[in-house]
Structure formats: structure tokens, C-alpha cells
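If you want the building blocks of each chain, they are given just below.
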Amino acid sequence: MHILSLIEQYELQFSNNNYFGDIGVDPSYSIVEGSLPVLVSAPHAINHFREHAVKPADMYTGSLALLLQKLTNCYCIYSNSFSKEDPNYILGGEYKAALRALVKEHRIQFVIDLHGASKLREFDIDLGTLYGTSIRENNLNDVIGIFNNNGITKVRQNHTFSASHPGTITSYCAKELLVQSIQIEINRNYRNPNAFDLFQKTIHSLEQIIKLLGGV
């Protein structure tokens, strides 16, 4: 099946009920296991609740995570149903507990947390690294180099989203689980199937990053 068709097929489970996902499903996350010691996370694949308000989904981050799992055989965790828990904001929670179990049981070496930014942002990619403390410098340089080699050149570090809030997945993994982690904010222009040439650059870049960090 063509990548674009796969992406659209995967996205259906997230866009269900106007991006509230499969309402009432327990737990409100899903896991796909693999063999590569890299975990891709998509906590905002559906609408989420933060500070008494519903925040819109980071569209196509969930389907991107599933596609990357298929392409690389990495591990994957993503939100599948609306709940009152924003996994990338609250301290603790069931999503982080499941993530912790995955990291410990399968000796995950890297966690990549995918997010979506507005097309109005001045970056293509914003890498949140807790200002350089969540991932080793050589690995960060490799990540940036791969994006650049695939034609994604406006790659920023901690520009708008540093992931430094203690409730973020990246902060939790780096500080509590002591595993290298990075938050990747993707401009809407680079996760839009209608601009597939740009979306494909994102897919190829992330596939290469996962394989590199996973030792393939």
C-alpha cells in the first residue's frame, strides 16, 4: 500500500468523533511493540484536556507514529481516546506509567515525542531538548543533519517549545527514566498529506533518525 494511503488509513482512528478518538476506551492509549530500542510517542494525536479547556489534536502525529513503527519496527505509544489527562503536561498519569513500563521492560534507549505546530510558526522543526540536557550532543547533531540532508533546513532548538516543563514526556524520560529523549515539533506544512512532497521529507527524516539512534 502506498505511504499516503497508509497515513490516511491510520488517521481515521484519530479523526473519529471529530478527533476525540474512540470515546470511552480504557486505557486511553495504545501500544505497538517492536524490536528496535527506540520509542516513538504521540500523546496529542487526538484532542486533549489542559487547564479546563479542550486543546485541538496535533493532526497526523498519531498516524506518523504508526507509519514509523511499521517502517522501522520501533516501539510506539499514542493516545487513542479523549481523557481528562494531558500526557504531555500533567505530572504522572497512566500514559507515563505505560511509557515507563515499556522503557524498563524493553530497555528503550531513545524516546522521540512527536508534536504538531501551526503552519504560521517560523520554523519547520523545533527540537525540544531541555536546553541540551535531554540528549547527547552528538546524537542531536545527527538528528539535525538528517533533517537538513532531506531538505528540511529551518530546524531550531528550544526555539518555542523546549520541553522543559516537568510534565512533558521528554522531561519525564530524561529526568525520571534517565533515557535520552527529544520533543519534535513539526510545522503543519510538513505533516500535511495534501503537501505530500514536504510530508515525505518528514517521514524519510524520522525513519532515518530512528534507525540511526536504534543502531541500524
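Higher on the page you've got the structure.
Here we summarise the structure given alongside this text.

About the cut-offs
Residues numbered from 1 in each chain as written. Predicted model: local features only at pLDDT ≥ 70, side-chain atom pairs only at ≥ 80, totals over all residues. Heavy atoms only, no water. Salt bridge = Lys/Arg side-chain N within 4 Å of Asp/Glu carboxyl O. Helix = DSSP H or I, 4+ residues; strand = E, 2+ residues; numbered from the N terminus. Buried < 20%, exposed > 50% of the residue type's maximum accessible area, 1.4 Å probe, protein only.

### Examining the pattern of salt bridges
Taken as a whole and assessed by the stated rule, the structure comprises 2 salt bridges. Between Asp 86 and Arg 50 there is a salt bridge whose closest N-O contact spans 2.8 Å. With a gap of 36 residues between them, Asp 86 in the loop between β5 (75–79) and α3 (94–106) and Arg 50 in strand β3 (residues 48–50) connect regions that are remote in the sequence. Given a relative accessible area of 0%, Asp 86 falls into the buried group. Of the charged contacts in the structure, one is a salt bridge between Glu 207 and Lys 211, with a shortest N-O distance of 3.1 Å. Residue Glu 207 and its partner Lys 211 are located together in helix α6 (residues 196–213), separated by 4 residues, close to a single helical turn. Of the residues examined, Glu 207 reaches a relative accessible area of 16% and is grouped as buried. The class of Lys 211 is partly exposed, set by a relative accessible area of 28%.

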